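Single-letter residue listing:
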Amino acid sequence: MEYIIFICAMVAIYTIAAEGLNILVGLTGLTSVMQAAFLGLSAYIYALSALKLGVPLGPSLLIALVGSASAAYLLGYLTLRVRGDYFALITFALAIIIYHSFNNLISITGGPMGVVNVPQLLGSPRKFLLLVVLSAVASVFFVRLVGASPYGRLLKSIREDEMLAASLGKNVQAVKMSAFIISSIFAGLAGVFYASYVTFIDPTSFAPMESIIILAMLLIGGAGSAVGPLLGALFLVAIPELLRFLGLPGNVAAATRQLIFGLLMTVLMVFRPKGLIGEYRLY
Amino acid sequence: MLLEVRNITKSFDGIKAVDGVSFSLDPSQGLCFLIGPNGSGKTTILDLITGNLRPDEGEVLFEGYPISGLSPYKIAAKGVARTFQQGRLFYQLSLLDNLLLAASNGLENPRSLLSLRWRREERLLREKAMKILLSLGLMEDRGKRAEELSFGQRKLLEMGRLLMQDNCKLFLLDEPTAGLHPKLINRTMELIEGLKERGKAILIVEHNLDVVKRVAERIIFLDSGKIIAEGPAEEVLNDPVVRSIYLGIKDAA
C-alpha cells in the first residue's frame, strides 16, 4: 500500500511539473528542456531555508516559489531572445549548468551527498498526499482554464506566428516571459512537494535527463491539452515501476527502462505525432 | 500628416533596396497605391514603416512622432495595421480566435484568469467578430481552424482581421488581391473602400493594374528603390517613364 501511495504521489508531482511545462511548450510553443532544474532550485531553496535558516515550512514554500520565479525571470531575460531549437539548446545547457552547480556547491547543497531530513509540509503524510493530489488536479484544471482564456489565446498566437502576433500589437517578449515564469512556479511547487515527500534530495533527481523525461511526459500525453501531461506522467512514472516486477538485475532494469522509453517515443512519433491526446505537434 | 516617411534608405549586402524614399500619407488623400516592378522595394518600405526592418538612414514619423527603431508591436499598438505578402494567419487557431486576437481588449494577460469574467467582458468583442464573419460569409466556419480554409477564404479572413482593428489609423496592405478571382477581388476592394470611408489612411502594394486603374486615387511609383513618380493616379499612370518601365510601352517621341 505504501508503495502504491508513493507512485500516486510521484505521478501527482510530475503532473504538476509537466502541466507547468505545458503552458510554456504546449501553449506558447517554447520548447524548454530545463523543467527539472527549476524543480531542483525550489527543492533546495525549500530544504535549506527550512533546515539551515529555520524558516517555518509555509513561508519556506513561498520563498521557494518566489526563488523559482525569480530564477525564471533572470534566465528568461537571457534565453527568450532566441527562438525555436536554439531556445531548447540553451535551456538544456542551463539544465546541465544548474545540475553541476548542485553537485559542486558542496558547502550549500551538500553536493552528491544531498540534503537529508527535509521536513514534510503539513506534518502528516496523509494530509500531505491529499495536498499533492489536489494540487495536481488543480494544475490540470488551471491549464484547461488558461487554454480557454484570452490569455491562452495570446499564448497560442505566439506559438503559431510570432511575427503576426507582434504586428497585431502583442508584446511577444513580455508574454513569453510571463509563460516562462508561470511554468517555473509550477515546477517550483512540484520541487517543494518532491523534497517534502521524499525528505531527501540530491542532484541526480534534477539531472538533465529528468528535464527530458518531463518534456517526454508532455510529448507522450499530448502538448497543449490539459489532461495530456497527466497521462504522460502516469505512463512515465508507472512504467519504470512496473519493470521492477520483472525481477531484472539492477543494471539491466535501468537499461530496459531507457529502451522502453525510447521505443515508446519512436512509436508515438510515427503513429501519434501530437501525443496521445495533444492538440499541438511539437516536432 | 498621419504618416511621414523621410528620406529612408535600406541596404542588404550593399545593395540599396530602398534609396532615399520620402512621402507622406493622410486619410484625405484617399486610396494610395505603391506600385513598381518586382524587387523595387515596395514590401521593404512597408517593413520599414512597421518596424520589421530598421532604416539605415532617414526616419518615419507617425502622427508627428518618430517611430523608426521601435519594435513592431509598439508601432502596431500606436495604430498601424498591416497584412503580409504571403498571407499570414494563426493557422492552428479557429477563425473566431484569429479575429479576436486582432482586437486589443485588455483581457489578454494572466490577471484576467483571476477575474473569471472574461466571457462576459468579451461578449461585445465576440459579437463584433461574429458580425464580421457573417459579412464575409465565414460564419458557419467560425470554429474551424484557419488552415482548413481555401486560399480565397484565407484572404477574406485577413481582411476580416483588418476590420477588427478599429483602433488603427493606418492600414498597410501587401498585395491584398494577389491570386484571387475577379469576384473576390471586387469584394476585397469593397472592404478596403469601407475602411477608407471610416477615415483610415490606406497604402496598398498592388500588381494588378486593373485594380489600380479602377480605384487608385494616388500612386507612388517605385523603381530600384527610388520613387520615380508620385501623385494623382491618372497623372502617374500616364507618366512616360512609368509607362516605359512598368508597362513596357514606349511613347513615340
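Heads up: the structure comes first, above all this text.
Structure report, in brief. Numbering of residues starts from 1 in every chain and runs along the sequence as written. Here chains are named by letter from A upward and ligands by number from 1 upward, in the order in which they appear as written. The predicted nature of this model means local features are confined to residues of pLDDT at least 70 and side-chain atom pairs, given and counted, to a pLDDT of 80 or more, with totals for whole chains, interfaces and linings taken over all residues. Side-chain metrics rest on all non-hydrogen atoms present in the structure, leaving aside hydrogens and water.

## Quick word on empty space enclosed by the protein
All names here are of chain A. Throughout, the protein atoms alone are placed on a 1 Å grid, and a set of points is a cavity if a 1.4 Å probe fits but cannot get out or a pocket if it is open with protein on both sides within 12 Å along at least five of seven lines; lining residues have an atom within 4 Å of a point. Grid points are joined across faces, edges and corners, and a volume is the space filled by probe spheres set on the points. This model, assessed by the stated rule, comprises three cavities of 30 Å³ or more. There is about 100 Å³ of room inside the largest cavity. Ile213, Leu236, Ile239, Pro240, Arg257, Gln258, Ile260, Phe261 and Leu264 are the residues that line the largest cavity. Elements with a minimum of two residues in the lining of the largest cavity: α11 (228-243) and α12 (250-271). When residues in the lining of the largest cavity are grouped by element, the largest group, five residues, is from α12. Here the nonpolar group is Ala, Val, Leu, Ile, Met, Phe, Trp, Tyr, Cys and Pro; Asp, Glu, Lys and Arg are the charged ones; every other residue, Gly included, is treated as polar. By residue class, the composition of the lining of the largest cavity is seven nonpolar, one polar and one charged. Helix and strand labels come from DSSP, where a helix needs a run of H or I of at least four residues and a strand needs a run of E of at least two; each type is numbered from the N terminus.

## Points about helix α8 (residues 182-197) of chain B
Residues and elements named next belong to chain B. Multiplying 1.5 Å by the residue count of a helix minus one yields the expected span of that helix. End to end, α8 covers 22 Å across 16 residues, agreeing with the expected 22 Å (1.5 Å per residue, within 8%). Between buried and exposed lies partly exposed: a residue is buried under 20% and exposed over 50% of the maximum accessible area for its type, with that area taken using a 1.4 Å probe on protein chains only. Listed in full, the buried residues belonging to α8 are Leu184, Ile185, Thr188, Met189, Leu191, Ile192 and Leu195. Around the axis of α8, the buried residues are gathered within 155 degrees of arc, so they sit on the same side. Away from its buried face, by an angle of more than 90 degrees, α8 presents the exposed residues Pro182, Lys183 and Glu197. Tucked into the core, α8 has its buried residues touching β3 (32-35), α7 (151-164), β7 (170-174), β8 (201-205) and α9 (209-215). Gly199 sits one or two positions beyond α8 and adopts a positive phi of about 85 degrees. This arc is built from the directions going out from the helix axis to the C-beta atoms. Residue contacts follow a heavy-atom distance rule, with two residues in contact if any of their heavy atoms lie within 4.5 Å.

## A word on the interface of chain B and chain A
Counting residues at the interface gives 33 residues for chain B, matched by 25 residues for chain A. By buried area we mean the combined loss of accessible area, with a 1.4 Å probe, across both parts when two parts are placed together. In total, about 2500 Å² of surface goes out of reach between chain B and chain A, with carbon and sulfur atoms giving 67% of it. When residues of chain B are sorted by the area they lose upon contact with chain A, Tyr73(B), Phe90(B) and Leu113(B) head the list and together hold 25% of the total. Whenever a carboxyl oxygen of Asp or Glu lies within 4 Å of a side-chain nitrogen of Lys or Arg, that contact is scored as a salt bridge. Between the two partners, chain B and chain A, sit three salt bridges. One salt bridge in this structure joins Asp161(A) and Arg88(B), with 2.7 Å as the shortest N-O distance. When residues in the side of chain B that touches chain A are grouped by element, the largest group, four residues, is from helix α2 (residues 72-77) of chain B. Taken together, the residues of the side of chain B that touches chain A break down into 19 nonpolar, six polar and eight charged.

## Regarding the packing of aromatic side chains
Each aromatic ring pair is summarised here by two numbers: the centre-to-centre distance and the angle between the ring planes. Pairing of aromatic side chains here covers Phe, Tyr and the six-membered ring of Trp, requires ring centres within 6.5 Å, and sorts the geometry by plane angle: under 30 degrees stacked, over 60 edge-to-face, intermediate tilted. What the rule picks out here adds up to 10 aromatic pairs over all chains. Ring geometry for Phe128(A) versus Phe193(A): centroids 5.8 Å apart, planes at 85 degrees, classification edge-to-face. With Phe128(A) in helix α6 (residues 125-148) and Phe193(A) in helix α9 (residues 172-198), this pair connects stretches of sequence that are 65 residues apart. Classification of Phe193(A) as buried rests on a relative accessible area of 2%. Taken together, the ring pairs connect Phe6(A), Phe128(A), Phe193(A) and Tyr197(A) into an aromatic cluster. Against the face of Tyr77(A) rests Arg81(A), its NZ or CZ located 5.0 Å from the ring centre. Only lysine NZ and arginine CZ atoms are considered, and such an atom sits over a ring when it is within 6 Å of the ring centre and within 35 degrees of the ring normal. If you follow Arg88(B) out to its NZ or CZ, it ends over the ring of Phe84(B), 5.0 Å from the centre.

## Some remarks on the layout of surface pockets
The space that makes up the largest pocket amounts to roughly 590 Å³. Along the wall of the largest pocket there are 20 residues; nearest its centre are Glu210(A), Pro240(A), Glu241(A), Arg244(A) and Arg257(A). Looking at the lining of the largest pocket, the elements that each hand over two or more residues are α1 (2-27), α9, α10 (208-221), α11 and α12 of chain A. In terms of residues, the lining of the largest pocket owes the most to one element, α11(A), which gives five residues. Tallied by class, the residues present in the lining of the largest pocket amount to 13 nonpolar, three polar and four charged. Reported here for the second largest pocket is a volume of approximately 310 Å³. What lines the second largest pocket is a set of 14 residues, and nearest its centre among them are Arg83(A), Glu162(A), Ala166(A), Val172(A) and Pro72(B). Taken together, the elements giving at least two residues each to the lining of the second largest pocket come down to α8 (162-167) and α9 of chain A together with α2 of chain B. No other element matches α8(A), which puts three residues into the lining of the second largest pocket. Of the residues in the lining of the second largest pocket, the class split is six nonpolar, four polar and four charged.

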